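Now for the letters of each chain:
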Amino acid sequence: MSEVKQFVAADRFVDAQHWWIASELCRRHPELLLLENAIDGYGNVIEALGAIGDRKLRIGFSRVAGIQVQGVDGFCVPPPALLDEANPHAILKRLERASGVRESSRTVGTTRQNIGYRVISQTLAMTINSRHSWTLRGERPDDPHVGASVDWLGEAANWDSVKKLRRRWGADAAVGDLYPTPRAQAWLLMRDLEPVAVFDLYGCARMDGGTVDCIKKYRSSAGDIASVACEIASALK
């Protein structure tokens, strides 16, 4: 009998599922925001951070280690399990239970702070079968303050839309409103490692050719997140 090859889910599937779960978690619990960390042995890890009531949460999403909750031993959703589960909402609910947060009984609206997460999630889902690679790079704790340098954005740092964003960051930093909690101020979307869009916490997607106000588009489309992602995708062509 030939040796059975261990199943390893392709990164594009894992990334899309991680972003859907993380974005939905942040929508349901607006106290949570995302940042990225580069951790030895695990690569780039998306983390959901925040405090719900008196409980501080730190939830990691890793291509290597799966989904884990800091301080909760024994809980892990490994990458292959993301594809094995028929209903991704079931994983979300397991994660909420493991985190010790109650499932919200009310419908929580999408906000300017978290719509970027949802649009990123939708974009990754739409591009799973693309011939291009699509990756995200978020601001990390060891990056310079965005008011000082955004070299990590690569060529996107020179876009007019990002220069306007930096001015807004500067204004917020002047009154102490930029980093009240740990969070990534922006996420860079790359197509084959070429910067194509920057998503900020003001609810906008910024590109070389201009800016899409995601929350405005979302509200005018009666809450159709797919239409927002489609408008951005059209602008990237």
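You'll find the structure just up there.
All values derive from a computational prediction rather than experimental measurement.

Scoring rules and cut-offs
Residues numbered from 1 in each chain as written. Predicted model: local features only at pLDDT ≥ 70, side-chain atom pairs only at ≥ 80, totals over all residues. Heavy atoms only, no water. Helix = DSSP H or I, 4+ residues; strand = E, 2+ residues; numbered from the N terminus. Rg over C-alpha atoms; globule rule 2.2 N^0.38 Å. Buried < 20%, exposed > 50% of the residue type's maximum accessible area, 1.4 Å probe, protein only. Areas by Shrake-Rupley, 256 points an atom, 1.4 Å probe, with all protein chains shown as cover. Lys, Arg positive; Asp, Glu negative; His and termini not counted. Charge placed at Lys NZ, Arg CZ, Asp CG, Glu CD. Salt bridge = Lys/Arg side-chain N within 4 Å of Asp/Glu carboxyl O.

So what exactly am I meant to see when it comes to the overall build of the protein here?
Broken down by element type, the protein carries seven helices and nine strands. Its C-alpha atoms give the protein a radius of gyration of 18 Å, near enough to 18 Å, the size a compact globule of 237 residues would have. Dimensions of the protein, computed from the C-alpha atoms along their principal axes, are close to 60 × 45 × 40 Å. In the protein, which comprises 237 residues, the proportion classed as buried is 48%. Surface exposure of the protein reaches about 12,300 Å², of which carbon and sulfur atoms provide 48%. Taken together, the 30 basic and 29 acidic charged side chains of the protein have centroids lying 5 Å from each other.

Which parts of the structure should I look at to understand the pattern of salt bridges?
Pairs can form between side chains of opposite charge whenever their charged atoms are close. Counting across every chain of the model gives 10 salt bridges. Ionic pairing is found between Asp213 and Arg112, a salt bridge with its closest N-O pair at 3.2 Å. With a gap of 101 residues between them, Asp213 in strand S9 (residues 210–213) and Arg112 in the loop between helix H3 (88–99) and helix H4 (115–126) connect regions that are remote in the sequence. The class of Asp213 is partly exposed, set by a relative accessible area of 25%.

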